[in-house]
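Working through the structure, step by step
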Amino acid sequence: MRIPLLTPKPLACQELVELCTAYLEGSLSSRDRRRFEAHIGACPHCTAYLEQFRLTIEATGSLTEETIDPAARDELLSVFRDWNAAR
Ligand SMILES: [Zn+2]
């Protein structure tokens, strides 16, 4: 069961990665987009991930998460895990 919160819960890096496609498609709700942009503004790892995502899409012309090199994605996600664990 979801408990409504007065202030939105900050996005975790993992969630942000999963929202990249929707963000770039412009299909996030305005609330999620604000959370996404707030996280991007404060998280250099996700800024780098989103930038790579965007460049990959520009290079391939397609907008799917599968266009990200799986090895690069795993590496980024392990950085996120280490970074979150260190906080
Ligand atoms: Zn992040």
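Note: the structure precedes this text.
None of the values given here were measured: they were computed from a predicted structure. (Residues numbered from 1 in each chain as written. Predicted model: local features only at pLDDT ≥ 70, side-chain atom pairs only at ≥ 80, totals over all residues. Heavy atoms only, no water.)

Section: the overall build of the protein chain
Looking only at helices and strands, one finds four helices and zero strands in the protein chain. The secondary structure elements of the protein chain, listed N-terminal to C-terminal, are α-α-α-α. Taking all 87 residues of the protein chain together, 29% fall into the buried category. With an accessible surface of roughly 5,900 Å², the protein chain has 56% of that area assigned to carbon and sulfur atoms. (Helix = DSSP H or I, 4+ residues; strand = E, 2+ residues; numbered from the N terminus. Buried < 20%, exposed > 50% of the residue type's maximum accessible area, 1.4 Å probe, protein only. Areas by Shrake-Rupley, 256 points an atom, 1.4 Å probe, with all protein chains shown as cover.)

Looking at the pattern of salt bridges
Side chains that differ in sign of charge can pair as their charged atoms come close. Applying the stated rule across the entire model yields three salt bridges. Residues Asp32 and Arg31 are paired through a salt bridge, measuring 3.9 Å at the closest nitrogen-oxygen approach. Exposure remark for Asp32: the relative accessible area of 21% places this residue in the partly exposed category. The exposure class assigned to Arg31 is partly exposed, which follows from its relative accessible area of 39%. A salt bridge links Arg35 to Asp32; the shortest N-O distance between them is 3.2 Å. (Salt bridge = Lys/Arg side-chain N within 4 Å of Asp/Glu carboxyl O.)

Focus: the coordination of the zinc ion
Only Cys13 (SG), His39 (NE2), Cys43 (SG) and Cys46 (SG) from the protein coordinate the zinc ion, and they sit 1.9 to 2.3 Å from it. With four donor atoms in place around the zinc ion and angles of 105 to 112° between them, the coordination shape is tetrahedral. The motif formed by the donor residues of the zinc ion, counted along the single chain, is C-x25-H-x3-C-x2-C. Within this pair, whereas Cys13 is found in helix α1 (residues 13-25), its partner Cys46 is found in helix α3 (residues 44-60), the two being separated by 33 residues in sequence. Cys13 gets classed as buried once you look at its relative accessible area, which sits at 0%. (Donors = N, O, S within 2.8 Å, 3.2 Å for Na, K, Ca; no water. Tetrahedral: all angles 85-135°; square planar, octahedral: opposite > 155°, others 65-115°.)

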